Structure formats: structure tokens, C-alpha cells
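A closer look at the structure
The residues making up each chain are set out below.
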Amino acid sequence: MTNETTTYPDSFGRFGPFGGRYVPETLMSALHQLEADYRRLTRDPGFQRELQHYLRTYSGRPTPLYFAERLSEKLGGARIYLKREDLNHTGAHKINNTLGQGLLAVHTGKKRIIAETGAGQHGVASATVAALFGLECTVFMGEEDMRRQELNVFRMRLLGAEVVPATSGTRTLKDATNEAIRHWVEHVEDTYYVIGSVVGPHPYPMIVRDFQRVIGDETIQQFLEREGRLPDTAIACVGGGSNAMGMFYPFLEHPSVQLIGTEAAGRGLHTGEHAASIAKGRPGVLHGSLTYLLQDEFGQVTPAHSISAGLDYPGIGPEHAWLHDSGRANYVPVTDEEALDAFYTLTRTEGILPALESAHAVAQAIKMAPELSRDHLIVVCLSGRGDKDVDQIASRMGGGQHGPNPTGV
Amino acid sequence: MDRIRRAFERRHGRAALIPFLNAGDPSFEASLSLFRNVLRAGADIIEIGTPYSDPLADGPVIQNSALRSLQAGFQLPHSFAIARALRQEGDHAQVLFTYVNPLLQYTPERFFRDAADAGVDGVIVPDLPLEESGAVREVADAHGIALIPLMAPTSGEARIQAIAESARGFIYCVSSLGVTGERAQMSNRVQSLVATARRYSPLPVAVGFGVSTAAQAREIAGYADGVIVGSAFIRRIEQCLVNAPMELSTLSQCVYDFAQELAVAMQQATRPETMEIRNGEGNQR
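Each value, and the rule that gives it
Residues numbered from 1 in each chain as written. Chains lettered and ligands numbered in written order. Predicted model: local features only at pLDDT ≥ 70, side-chain atom pairs only at ≥ 80, totals over all residues. Heavy atoms only, no water. Helix = DSSP H or I, 4+ residues; strand = E, 2+ residues; numbered from the N terminus. Rg over C-alpha atoms; globule rule 2.2 N^0.38 Å. Buried < 20%, exposed > 50% of the residue type's maximum accessible area, 1.4 Å probe, protein only. Contact = heavy atoms within 4.5 Å. Areas by Shrake-Rupley, 256 points an atom, 1.4 Å probe, with all protein chains shown as cover. Lys, Arg positive; Asp, Glu negative; His and termini not counted. Charge placed at Lys NZ, Arg CZ, Asp CG, Glu CD. Pairing = 2+ DSSP bridges. Buried area = accessible area lost by both parts, 1.4 Å probe. Salt bridge = Lys/Arg side-chain N within 4 Å of Asp/Glu carboxyl O. Polar contact = N/O pair within 3.5 Å; in protein donor to acceptor, adjacent residues only side chain to side chain. Nonpolar A, V, L, I, M, F, W, Y, C, P; charged D, E, K, R; others polar. Axes fitted to C-alpha atoms, helices over the stretch in contact; angles between N-to-C directions. Parallel < 35°, antiparallel > 145°, perpendicular 65-115°, else oblique. Left-handed = near helix turned anticlockwise from the far one by under 90°. Disulfide = S-S within 2.5 Å. Phe/Tyr/Trp six-rings, centres within 6.5 Å; stacked < 30°, edge-to-face > 60°.

Considerations on the overall build of chain B
- Across its full length, chain B carries 13 helices and nine strands.
- For a compact globule of 285 residues, the expected C-alpha radius of gyration is about 19 Å, and chain B comes in at 17 Å, within 12% of that figure.
- By its C-alpha atoms, chain B is 45 × 40 × 35 Å across when sized along the principal axes.
- By residue count, 64% of the 285 residues in chain B fall in the buried class.
- Restricting to contacts in chain B with at least 6 residues of sequence separation, those with at least 24 account for 75%.
- In the form shown here, chain B has an accessible surface area of approximately 10,100 Å², with 50% of it arising from carbon and sulfur atoms.
- Here chain B carries 26 positive and 31 negative side-chain charges, and the mean point of each set is 3 Å from the other.

Structure below.
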């Protein structure tokens, strides 16, 4: 890894101007310690063997690279592959990171972990590794998200985790993260904070990216085996952006591969009800790092909106902010409606229910593919499965009515 | 910056009372009046809080206060307006408290220029640790404003030394782990934190986070140069608002009474003679 981009962040945790550690002094020693522990353990062959063991035998890696033949045929253009992160244990890519950070907690002698969660996928993945490694676990979740994702709340509780509602602010992922950080400030000496995305103060964006890069590493290997070459385009949805960063990172040294992140455009960029930090935000500090942020003139954070709780976040990982500014990756908006259409389309053409988050990435492939030739290879990171969203979709459909289906599939 | 030094010096070795209130809570006019009342009751330095949507270092009491202020229409320039109005009335010391994002959005250059124009003496930024503070401190220095650093019980000796060496105005020691809010008991670790800070800086050392009673303030006044009290004031404001919404005279009275109670208690603190001399020396700087 000699490429300049791939050696970020620098020693201050900066990706270009983005990132850093804007947190209360109480946390600074813990962050320095975490960075030192991480750098030591990540070079430790024993730690790596243990992590690989769990990824393989517990989570089911490598996840398949699936050629979505019927979807590709229907769209009549580029060939679309799906990286099946939804087939991981617990149903999303989140476990790649929680297994890694859970082992960090164990190896640094912590008995207790905390986590924030939006859609509940990271909360479930954290509660799962807590059960696996015999750790206590508390998950902070916005009250609004607990309502939207009741099933995941129940799963976390079954796994033995305590779920604490975040009742401040917009009662979504942003506020759950605030509460988790506040809790960590108080319990920093005996608690490991498992951040679920490539956000937060340094070294978290780096750690989460490194644990998620297995997505992109496998994808490259699988493409070389299947097609004898790399894909032309990789697409992933971006809230905080951990599945996207995991997919993109190994491709950074392959400039021929176009990288596209899909931001949640909610009810439309013109409505103000969206979560498109790059399209509509400007650089600011949220949760300890400088990044694109939805905010008003005076720097008050403005509420985000997305149909998917996992993308409902006013910021974005600082490395994405840097990839955007440097032009290496493109970030495009996808609305609630477009994501829902993609959900139905993928479900009916391929028999795969994507998470509403992942449906934002599928939607972009559906938009692009017809304009491209059959030689063009697209890989979509199917970051999670949609079972958790079935209730929400049912209630939107008005109890069994057919939903919108403009693609006619 | 000079006014901060003089505020501590005027105490002649006794600890300074530093009340924190959020600007604009419950309204711009009411909060201006509350600041006047704590000054009248004997506050030595006032800390003017800038309400923020995502106050990471604050507990529920100050969070709710920020929310009330924002809902009443608070915007950052209101903090400067309050400082300017109070400055016209006296030469007390006053510092602004703000999270880093509003400061960055306003731009440090404009922020410190307007703060200096408004008669602000120092600025406290709870989410701007040493590693991130260099550029901001440079601008603050250029405008003669002290960037007051925080130290925590988790700060190791090397960090304490580094923070102390770049400190301006005074040093703010966080009494315990956690966010702002009243605590029944103060951690005994803060006393050793204060002692360590003194080894590396001649500046006054104040203690805040969690101070809820006059007895606690008196105890801290026994070893620190300043006592910062925030949530305990704001909880009293909250109670008044429940009992008599927007009755300004009641609000003012309860804030005045509590400030006076704290000031009297701190006056009774016993401090070792050596500390007094050392403190006097430090303030020569």
C-alpha cells in the first residue's frame, strides 16, 4: 500500500482537512490508548488469526459475489453483481466491524461494551458479539428508531443487551450517538465504545474502515476469479458510510474503478427533508470529526430525514468527505421513493429483499445500467437484508396493497 | 485577558465564583437580567453559554436549557450582544462557552473579533482538545482573548503539562468523569488534578462540572482558585419556570439568592497559607 490516498489518515487522524478528534478532554487519553492498542493488535498474527476464524466460521465469510442475471437482463445494459453482505450472520455487514472491535475490547481487558445504533443492525451485531465474547452490552437507540425498528430492539434484548432510548433532539441515530458518547465520557475507564460506522473521533474512522475493507478485498478477488478483471463501477449506500468505505478502500489504488456512494435524498433535496450531507451540507464538526454536515448558518445541526433509519444521519464519515473533495468518489442522491422502487424490483426479479439502506445503492444501479453496455460491470454492495424493514413497508403499503412499481417488473 | 487576572487577584487568595448560564434561556432579555443578578450577588467571573443543538459535554439540565434558548430564537450573535451589554455596565471578567462547530462556522477570525469588540475576556471550547487547538488559539491570541483549556481526571501528567504550557487566562479542571450536571459527591481525584496543574502553570486553576451545593463550593474553594457552577443555577431557573413561567423578578431573585449563598460559603473556605502566597505569585504573570 504505497498509494498516497490509502495511507490516510495522518497522525492527527486527518483525511485531507477532514477528521480529527474534537471531543472532550476526558476522552483524549482513551483515544490515544485505543490507537496504540489497535496498532499493536492489528500487527499481531494471533489477533488476526482469531479475527479471521470468527469471520469465516461464525459470520460465514467470504460472502458470495452474485451475478444478478434477471435484474441485468431486465435493465438491458450493464451487468450487475451483488456483494452479498446481507448473508453475513445477523444479516448485514455490521458484524465485520463488531467482531473486530469486540476482539479489541477482549484483548484490552474490557468487560463491557456500548454502541449506538440507527436501524438496529449495528446494535444487533454488537449485542451478538457481546453474547459471543461474554461481555456486558448497552445499546443507545433513538426513540423514533426504536419505533421504526421494533424487531431489532427485540433481537438485541433477546441477546442480553440493554437498549437505552435516546430521547433528545431528533430521537434518531445522531442523538443515539450523542448519548453513547456522553455515557462513554462517564465510563471511559472500564467501557469499550464500539462505534458502528466510519465516523467519530480518530482512530475510529480508520479502525472501522480497516475492519470493513474485507468487503472490497473479497470483491476484488472474486471479480478476478469470475471475470478476470475488476468491475468498472462499485456502488454502495452512505449514511455514516461503513459498508461503502469497506467496499471502496481496496479500490482506491485501482483508479479505473468508478466509485459511487448513494446518499439518502429522503423526500427530495429541494424539500429539506433528506440526509444528503455531501450534496447539501458544508464542513463542520459532528461526533468528534470534521466532515460534511447538515447545519444552519450558525452551525446548529439540522435534522436529517430518510425512510431508512440507517441513513438518517446529518453527517458522513470524514474519509468520504475527503474522497468527495479529491474527486476519487462520486456521491449521488437517491430518494425514499427510488429506494422503495428498487426494493420491490430486486425482491421480484431476484428473490432478494434488500435492506432499505442497501436499496439506495440498488436504485443507483437501476438508474445507470440501461445507459451502459453489456461489457460494463457494476458491483453493488448489498449491505444488509430487508427483513427488518418488512413491517415498515407493509404499513406503507396500507396492509397488503401493492406498492408502487413503476419499473414494471 | 487582564480582567481575568484581576478578577482572581481581587480575591486575595480566596477562590473566585464563576457562574455559568446559557445565553437566551429562557429569553434574551431574561438571561441578560440573570447575568446582572449573579454579578450583583458577588460573581467574580461569568461564563456565558452558547446554546448548541448537540452539546456533547452537557447533561440533561444544560441540554434542556440550550433547547429552551434555541426555541426562543437564540443565534450566536446574541451571545456577543449579551457580553456587550454587560461590559457597558462594569469591568467584571466574562468568558464565552461554545462548542467548536458554531465557532468554526462563524470563522475563528470573525468570532474572536466580535468577541473582543463585545468585551469578552476568554473563551472555553469543551470539544477542542489540545491537539486541535493550535490554529484557534493563534486567532484568539491575536485578539487578546484567552483560550481557556480544560483538564480532566483522565489527563495523564504529560498531557497536563502540555495543556498547562499553552493555557491562557485560567485552567478549567473537570471535577469528575462524565458530562455537566449536579453530583452528590465530588471525586477526590480533582484535588490531585489541581495540584498537578499547579506544578506546570502559574495561572489560576478553577474547578467545574458537578458542583451543586454551597458546601461543595466551599470545599473546592479550599484548594482551587475558582469554582464554576452551572447546572445547579439552571435547575433553579427550571423550577422557577415551572412554578411561575416567565416571571422575571422571581427568576432573578432565585438566581441572586443562590449566587449569594455560594459566595458567602466560599468566603468561609479555609485555605492553606502557602497556597495563597503561591497564587499571588502566579498572578504576577
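Brief notes about the sheet that holds strand 9 (residues 226-229) of chain B
Residues and elements named next belong to chain B.
- Strand order in the open sheet made by the nine strands is 5-4-3-2-1-9-8-7-6, with parallel pairing throughout. The outermost strands of the open sheet, each flanked by one partner alone, are strand 5 (146-148) and strand 6 (150-151).
- Inspection of the sheet shows strand 7 (residues 171-174) paired to strand 8 (residues 205-208) by four bridges, in the parallel sense. Across the sheet, the residue bridging to Y172 is A206, located in strand 8.

Structural notes on the interface of chain B and chain A
- Chain B puts 38 residues into the contact, and the matching count from chain A is 35 residues.
- Each partner contributes to the roughly 2,900 Å² buried at the junction of chain B and chain A, and carbon and sulfur atoms together form 51% of this total.
- Of all residues in chain B, the largest losses of buried area upon contact with chain A belong to L56, Q105 and E132 of chain B, amounting jointly to 23% of the total for that side.
- Summed over the shared surface of chain B and chain A, the result is four salt bridges.
- Seen at the junction of chain B and chain A, the total is 23 residue pairs in polar contact (both at pLDDT 80 or more).
- Those elements that provide at least two residues to the side of chain B that touches chain A are helix 3 (60-71), helix 5 (100-106), strand 6 and helix 8 (157-165) of chain B.
- Looking at the side of chain B that touches chain A, the element that brings in the most residues is helix 5 of chain B, giving six residues.
- Of the residues contributing to the side of chain B that touches chain A, the split by class is 22 nonpolar, nine polar and seven charged.

Quick look at the packing of helix 2 (residues 28-40) of chain B against helix 12 (residues 248-267) of chain B
All names here are of chain B.
- Look at helix 2 against helix 12: their axes get within 8 Å of each other, and the N-to-C directions meet at 30 degrees. As judged from the angle between their axes, helix 2 and helix 12 are roughly parallel. Between helix 2 and helix 12 lies a crossing of right-handed hand. Contact residues: A30, S33, L34, N37, V38 and R40 in helix 2; L248, L251, S252, V255, Y256 and A259 in helix 12.
- The residue inventory of the contact of helix 2 with helix 12, partitioned by class, reads eight nonpolar, three polar and one charged.

What about the state of the cysteines?
- Per the stated rule, a full pass over the model turns up zero disulfides over all chains.
- C240 of chain B takes part in no disulfide bond, and the closest cysteine sulfur, belonging to C254 of chain B, lies 3.1 Å away.

Brief notes about unusual backbone geometry
- That bond from R61 of chain A to P62 of chain A is cis: its omega, 0 degrees, falls within 30 degrees of zero.
- Mapped onto the fold, P62 of chain A is located in the loop between helix 2 (45-57) and strand 3 (65-67).
- Here the bond from H202 of chain A into P203 of chain A is cis, since omega is 10 degrees, no more than 30 degrees from zero.
- Looking at the secondary structure, you find P203 of chain A in the loop between strand 8 (191-194) and helix 9 (204-212).
- Notably, R171 of chain A is not glycine yet its phi reads approximately 60 degrees, a positive angle.
- Given the relative accessible area of 37%, R171 of chain A is considered partly exposed.
- Phi is positive for F209 of chain B, close to 80 degrees, though the residue is something other than glycine.
- Looking at where F209 of chain B falls in the secondary structure, it is placed in the loop between strand 8 and helix 10 (214-221).

Remarks on the pairing of strand 10 (residues 258-266) of chain A
Residue and element names in this part refer to chain A.
- The buried fraction of strand 10 amounts to eight of the nine residues, a majority that puts the element mostly inside the structure.
- Two elements, strand 9 (residues 233-238) and strand 10, share six bridges in a ladder whose sense is parallel. Its bridge partner lying in strand 10, T233 is registered against Q258.
- Pairing geometry for strand 10 and strand 13 (residues 329-335), over seven bridges, is parallel. If you follow G266 over to strand 13, its bridge partner there is T335.

Notes on the sheet that holds strand 5 (residues 112-117) of chain A
Residue and element names in this part refer to chain A.
- Taken in spatial order, the four strands line up as 7-6-5-8 in an open sheet, and their pairing is parallel. Taken across any chain shown, the strands that pair with only one partner, and hence form the sheet edges, are strand 7 (162-166) and strand 8. Mean inter-strand twist for the sheet, computed between neighbouring axes without regard to direction, equals 25 degrees.
- Set on the sheet, helix 5 (residues 121-133) makes contact with strand 5, strand 6 (136-142) and strand 8; between it and strand 5 the angle comes to about 165 degrees.

Looking at the packing of aromatic side chains
- If you walk through the whole model with that rule in mind, you get 22 aromatic pairs over all chains.
- Geometrically, the ring pair formed by F20 of chain B and F97 of chain B is edge-to-face, given 5.4 Å between the ring centres and 85 degrees between the ring planes. Taken together, the positions of F20 of chain B in strand 1 (residues 16-22) and F97 of chain B in strand 3 (residues 93-97) put the pair 77 residues apart, joining distant regions of the chain. Pair check on accessibility: F20 of chain B and F97 of chain B agree, each one buried.
- Measuring from centroid to centroid gives 5.6 Å for F80 of chain B and Y106 of chain B, while their planes differ by 40 degrees, and the two rings are tilted. Taken together, the residues span a long stretch of sequence, with F80 of chain B in helix 4 (residues 77-87) and Y106 of chain B in helix 5 at a distance of 26 residues.
- Overall, the relative accessible area of 3% leaves F80 of chain B in the buried class.
- Judged by relative accessible area, Y106 of chain B falls into the buried class, the value being 6%.
- In textbook terms, an aromatic cluster arises when at least three aromatic residues are bridged by ring pairs, as seen for F298 of chain A together with F80, Y106, F111 and F112 of chain B.

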